[in-house]
Amino acid sequence: MTRLAARLGLVLPLLQAGMGAVAGPGLCAAVSRAGAGGTLALYKEPPARAARLVREVTAATTRPFGVNVVPEVTGPAACLDQLRAVLPELPPGAFVTSFGLPDADAARTVQAAGHPLVVQVGTLADAGTALGQGAAVLVLQGTEAGGHLLGRLPVDLLLTAVRARYPHAVLAVAGGIATGRDLADAVARGADGAMAGTLFVPAGESTAHPEFKRRVVEAEADDTLVTSLFDIGWPHRPHRVLRNPLTDTAKRAPSTFIATTQVDGREYPVPRYSAAAPGDGTTGRVEEMAMYCGRSCARVTARHPAAVTVARIRREYENARGPHAASPGPANATTARTSRFPRPNRIQEREPWTT
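Residues numbered from 1 in each chain as written. Predicted model: local features only at pLDDT ≥ 70, side-chain atom pairs only at ≥ 80, totals over all residues. Heavy atoms only, no water.

## Focus: the nonpolar core
The test is simple: Among the buried residues, those of types Ala, Val, Leu, Ile, Met, Phe, Trp, Tyr and Cys that are joined through side-chain atoms within 4.5 Å form a nonpolar core. Each residue gets one of three labels from its accessible area relative to the maximum for its type: buried under 20%, exposed over 50%, partly exposed in between, using a 1.4 Å probe on protein chains only. A run of H or I in DSSP counts as a helix once it spans at least four residues, and a run of E counts as a strand once it spans at least two, with each numbered from the N terminus. Contacts were defined at the residue level, with two residues in contact if any of their heavy atoms lie within 4.5 Å.
Formed by 103 residues in total, the largest nonpolar core has its most connected members in Leu14, Leu15, Leu138 and Phe200. Here this core takes five residues from helix α2 (residues 25-33), the largest share from any one element. Those residues in contact with Phe200 that lie beyond four places of it in its chain are Leu14, Gln16, Met19, Val22, Leu27, Val31, Ser206, Thr309 and Val310.

## What about the packing of aromatic side chains?
How we decide: Paired rings are identified among Phe, Tyr and Trp, the last through its six-membered ring, by centres lying within 6.5 Å, and are further divided according to the angle between planes into stacked (under 30 degrees), edge-to-face (over 60) and tilted (the rest). Two conditions define a charge located above a ring, namely a distance within 6 Å from the ring centre to NZ of Lys or CZ of Arg, and an angle within 35 degrees of the ring normal.
If you walk through the whole model with that rule in mind, you get three aromatic pairs. The interplanar angle of 35° and the centroid separation of 6.4 Å between the aromatic rings of Tyr43 and Trp234 together place this pair among those described as tilted. Residue Tyr43 is found in the loop between β2 (38-41) and α3 (47-60), and its partner Trp234 is found in the loop between β10 (224-227) and β11 (239-242); the two are separated by 191 residues along the sequence. Centroid distance Phe99 to Trp234: 5.8 Å. Interplanar angle 90°. Geometry classified as edge-to-face. You can see Phe99 sitting in strand β4 (residues 95-99) and its partner Trp234 sitting in the loop between β10 and β11, a full 135 residues away along the chain. Neither residue differs from the other here; Phe99 and Trp234 are each classed as buried. What links up through ring pairs into an aromatic cluster is the set Tyr43, Phe99 and Trp234. A cation over a ring is seen here: Arg252 above Tyr273, with NZ or CZ 3.9 Å from the ring centre.

## Remarks on the state of the cysteines
Rules: Any cysteine sulfur atom paired with another within 2.5 Å is treated as part of a disulfide.
Applying the stated rule across the entire model yields zero disulfides. Cysteine Cys28 remains unbridged, with the sulfur of Cys79 as its closest cysteine sulfur at 17 Å. For Cys79, a relative accessible area of 1% gives the class buried.

## Focus: the environment of Ala196
Relative to the assigned elements, Ala196 resides in strand β9 (residues 193-196). The class of Ala196 is buried, set by a relative accessible area of 2%. Ala196 sits 13 residues away from Leu183 along the chain, and the two C-alpha atoms are 9.7 Å apart. Each residue touching Ala196, except ones within four places of it in the same chain, is listed here: Leu14, Leu15, Gln16, Ala17 and Ile177.

Structure follows, in structure tokens:
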């Protein structure tokens, strides 16, 4: 058992990313029941609906699960409102993940409620800030990951830097994780576990649009690229997506409405270049929407129920680790090893990196 599994009460040291339009109650509960860290995406959910979604997960699993907030998108006040609505609904053992640094009030609120705070970061500086806020676990996101990117380093370089500076921190890596061998290699390099998003997009319980699922399953690593195109609703943050008609042309088209998505029976228009990913309630020009996808997609080749995927990862992980493998600690955390994580191809980046 790694320190991540021990800290969060997991059978397998693997967290499912909290992806808007993908990670609803069904996926969260299914991953949790299978022994990994299922996570419910709160994203822009209003507080009352967020609390109802948490109750759905609580009714569907007795194992630990998490909720994910995105302070950069909601803003500090709305993020705090979400937390105040859902924390009373979370059972003992549940955790809270923050994509990017939460503000001090949010961090204190989570800790006062007695739940572990898991913070996803992309830089060494942000890792230090998160630990100073009391984060129980850091998720280190590399540039191989799908979705919005928090830093500019490949995951193995970021892991090496953070582990050297903070040898006792509980660290998970995000980016490049699609098999149990990937997970075992991350642990061998000094991580305590990992977070995966692309792996779970095609899952049966995922609320991603069927076309989104199909494209992830059929994609190769070079079918993804880093861009800043899908900035309506989430500006100033580069993101890794699957190529589509918008990424393959130099001229920006008008930001007119191209789709609609349904939430609780209500339809909402989606403009071209929206940061929203297509969910199962989306209709329209889905092929022009942001389909967030990491380079690990080359090893995501089937659509299975989440329990089947987690069981496969666990079996591969245990086989790769062997019966006598020790959990990494500060003494062996920086052992040199050839990386299995693919390096991003900087030629693919259509626009300059921002910070």
